[in-house]
Amino acid sequence: MTIWRFGNRSAIDSLGLTEAAAVRRRKHRSGQQLHAAFQRIQLRLRLLVMGLTKQYLRYAASAVFGVIGSPRANITYVTLRGGERGRYIAVAACEHVFIWDVRKGEKVLILQGQKHEVSFLCPSPDGVHVAVGYEDGVVRIFNLLNGESNVSFNGHKSGVTVMSYDALGARLVTGSKDTDVIVWDIINECGLYRLRGHKDLITQALFLKDKNLLVTSSKDSFVKWWDLDTQHCFKTMVGHRSEVWGMVLLNQENRLLTGSADSELRAWDICYLEEGKTAGEPRLKKGKTLLEEEDGDQNDEAEEEEVLEERILSCKKAGSILREARDRAVSLTADSKARIFACHGNDAVLEVFTVLSEEEVQRKMIKKLKKAKKKAAKAQEDAGEPTAEPVVERTLKDEIIRLTNIKASAKIRWVDVLAGPGGELKVALLLQNNTVETYSLKTSDKNPTANKTARLTLGGHRTDVRTLAFSSDNLAVLSASGDTVKVWNRSTLQVIRTMACEYALCSLFVPGDRQIILGTKSGKLQIFELASGSLLESVDAHSGAVWSLCLAPDQRGIISGSADKTVKFWEFELIKDQGTDQKRLTVTHARTLQLEEDVLCVKLSPDHRLLAVSLLDCTVKIFYTDTLKFFLSLYGHKLPVLCLDITHDSTIIATGSADRNVKIWGLDFGDCHRSLFAHDDSVMFLQFVPKTHLFFTAGKDKKIKQWDADKFEHIQTLEGHHREVWCLAISPNGDHLVSSSHDKSLRLWERTREPIILEEERELEREAEFEESMAKGSVPVVPGETEGEAAPAGKKTIETVKAAERIMEALELYKEEARKLEEHKYFCEKAGKELPPPKANPILVAFGNVTPSRYVLDVIKKVRSSELEVSLLVLPFPYVPELLRLFNSYIQQGLEVELVCRCLFFLLKIHFGQITSNQMLVSVIDELKTNTLSKVCQIRDVLGFNSAALQFLQQEIETKEDVTFFADATGQLKEKKKRRRKRERAVLTIA
């Protein structure tokens, strides 16, 4: 079924748009949309009546497979349905998130993405949710119980680079490539504020548990401390000479450890100062002249900031730890208790460190002191003179020791650690080559060694897939990379066979689908048998790389083209295997065509009459197959032709080149029918759909496109890959398409029954471009707001513009209905009798015969909480007075008081000047003040009464059953600390 979508263009270009102009533009646009819709319906009716002369069917994305974990996003442990901790891991897989069971090696859950690639993962403290950041700046919160996402935040302009929850899981901080840090409210599903100050990509952001503070690091070499109560940066650490790539908090958040671009891990001691300890007594300026006072006033702001900084905390460098690796620290992570942390660089070695407790450090220092005393006593005996009492200094190496090093099988990209019971440490590694490895070690051992517990490799290739092929029955897919060749079941997407091979560049199924042949970079032809998964024979076919293989139309042989400037013809033959009486398949060399340039691609015409050869000199030579005599030369490409194909009727040949063009030629005279600008980068692969003149092209611009070789039209674009597309393969029946990319993924596309109308496709493309330009438009400025460290969290998107339009349309409907009621009342008074009421608006009838004012409230309620402020921000001021009057009625009736107050306060903030200068709104504001205060106080009293009732019930249950419910451990700990501090102060006062 075709789903028709119409563009919803905004009627708001600026805040100064008048109401009449907005109405005119909206009505004009609505008329245009209706006209376009009628045109589409008429076109479809004409096509149905006349019959489609040529019908195109849509290809849609079916599945993503072959990727185990994308290296662009981190790896993290998750808890799934209350299962065992450390059993499940979450990794990014292009735009999706895969949850793997490392014990079984199976994929247990897929968190479906939309379009953009995943850039960061962060599980919530309760283990029920996971926050997923994307390359377009969107953050989505997924529920691990059902895999659904109901909360979405959109505030960043570019990819999310880091995320972190607070201790309670109520707030989420995100950092991005756009250098901004945003704090989100998870419970209210909205943004709190945006923090600006960094000049480069954000690498880490951490909440402090017991204090409302935030610490962030960036590639600009700075570490910033933020006071979230006032939303400003009160301290900037400038002790790093290069980028800060990661940091962790240790020792109950009393030490900060940072990793930079060198081999040092720098440690900083954090001293939290009590409020009021240095808050000063006022600084007096005694003995200063008036001129000195004026000069001193210029530095007052800097002095106040320094005093504020010292009042909250102070940082002092405690030393540094040298890593074994000499390159930069790629990632730095710690377990939940911050007792163990791990660090790695761009190599395959993970360094694991442990932080000793205070008791362990004291025992170590006592042993160190004993050794020093023995050494001093021995020196004294040798010298015969008394020596001074030895003094042992406490260093950073006494508190942080190296636990072990873990050597992975490839370069490490991300790491996560999890401390288990009994001193067990679980380590999960995401490697650069599409592999996940997990290790386990006992931290209590004297010399702990890491044991590999799992390795996920079966479901993907280690390197990029450079060749694909379909079996003749459309059921099996062959994919080959630099080290392995895999055969997949197309319906289940499971691996049937995995065989080791050389670097494969081309491949095909032998007729019968029992063997496959690979052309390798070393010039060999490798023949594999699928039943046993063994290598039957490796033929030294060429002295250069075999770039192309082609099956003969009579299926009795193959043709290979190589970089050694030859095209060779091979015939299938069955020979007896040595040592057994069974026959096996081999290929025998029949003929050779010598050429002057490297061969890039070869293709035989289906009628076995012509041979097309693509050469490095940017031409395509056509030869007769029987005599190998030259027939045609197709020249016109500016760069070498990388791919070509011939139609089933041997009349048309299409060539794709590195110059980004596709040329369609006739095979009768070699004339160029049309040259198409196909991709924004090199065209890597081209293939015709069997028994049609439609063909697909794949390019380095991450896109796959379908074309019509008869009408020279672009039919559709398949978007999904996030890196260069290397190759594709079409099933013999044309129903399926599989493609491979540099993002390590294989994508399956299937042909649906939905027809494609080209005019509709072009219009949808234009609407998508318009919506993208709308989202990149200028952000409305709040009057009176200055550019500072704190800013609103949301941003203007097409969703916020549409939400604002829906609010405007609802207000217009409310005004129209109010006008109808006034006219009806006037006519009733004039007629002196009750007239029949006006006909109800169909929109209100569709919503259950609600009142117009209630309809406006329902529209506002349907706006996402995270988009509400920005939607109100782009709302023109002429709509605000009517909205304020409606808010007054809502508050009087007690309808959605919390939501209405939130909207009311935001509108008063951004339109304060215009509202206060409007005499018509004075009475409305006075009524709002009275009604809002009374209603909010009433709701607060109800909440207080309910809270007191719950506390009373809790006490009753605790006294009856002698148990404690809802115990707040952190609150009890704070009380103990306060009592201890009071005792210490009393002792100091007495002393």
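What you see is a predicted model, and the numbers here were worked out from it, not measured in a lab.

**Focus: a nonpolar patch on the surface**
Residues L950, F952 and L953 make up a contiguous nonpolar surface patch of about 330 Å² in total accessible area. Note that F952 resides in helix α13 (residues 922-961).

**So, the packing of helix α10 (residues 880-893) against α13**
At a closest axis distance of 9 Å, the pairing of α10 and α13 adopts a crossing angle of 30 degrees. With respect to α13, the element α10 is oriented roughly parallel. Between α10 and α13 lies a crossing whose hand is left-handed. Taking contact as the criterion, the partners of L884, R885, F887, N888, I891 and Q892 in α10 are, on α13, V924, I925, E927, L928, N931, T932 and K935. Counted by class, the contact of α10 with α13 contains six nonpolar, four polar and three charged residues.

**So, the sheet that holds strand β38 (residues 546-551)**
In space, the four strands of this open sheet follow the order β38-β39-β40-β41, with antiparallel pairing throughout. Where the open sheet ends on each side, the last strands, each with one partner, are β38 and β41 (583-594). Adjacent strand axes in the sheet meet at a mean angle of 25 degrees when their direction is disregarded. Bridge count for strand β39 (residues 557-562) against strand β40 (residues 566-576) is five bridges, and the pairing is antiparallel. Paired with I558 across the bridge in β40 is W570.

**What to know about α10**
Between the first and last C-alpha of α10 there are 20 Å, a value that for 14 residues agrees with the 20 Å anticipated at 1.5 Å per step. Buried residues dominate α10, accounting for eleven of its 14 residues. Residues V880, P881, E882, L883, L884, L886, F887, N888, S889, Y890 and I891 constitute the buried set of α10. On its buried face, α10 is in contact with α6 (798-831), α8 (852-861), α9 (868-873), α11 (897-910), α12 (912-916) and α13. Directly beyond the C-terminal end of α10, a positive phi value near 75 degrees is found at G894.

Cut-off values and rules
Residues numbered from 1 in each chain as written. Predicted model: local features only at pLDDT ≥ 70, side-chain atom pairs only at ≥ 80, totals over all residues. Heavy atoms only, no water. Patch = residues over 30% accessible without salt bridge, like charges linked within 9 Å, V, L, I, M, F, W, Y side chains within 5 Å. Areas by Shrake-Rupley, 256 points an atom, 1.4 Å probe, with all protein chains shown as cover. Salt bridge = Lys/Arg side-chain N within 4 Å of Asp/Glu carboxyl O. Helix = DSSP H or I, 4+ residues; strand = E, 2+ residues; numbered from the N terminus. Axes fitted to C-alpha atoms, helices over the stretch in contact; angles between N-to-C directions. Parallel < 35°, antiparallel > 145°, perpendicular 65-115°, else oblique. Left-handed = near helix turned anticlockwise from the far one by under 90°. Contact = heavy atoms within 4.5 Å. Nonpolar A, V, L, I, M, F, W, Y, C, P; charged D, E, K, R; others polar. Pairing = 2+ DSSP bridges. Expected span 1.5 Å × (residues − 1). Buried < 20%, exposed > 50% of the residue type's maximum accessible area, 1.4 Å probe, protein only.

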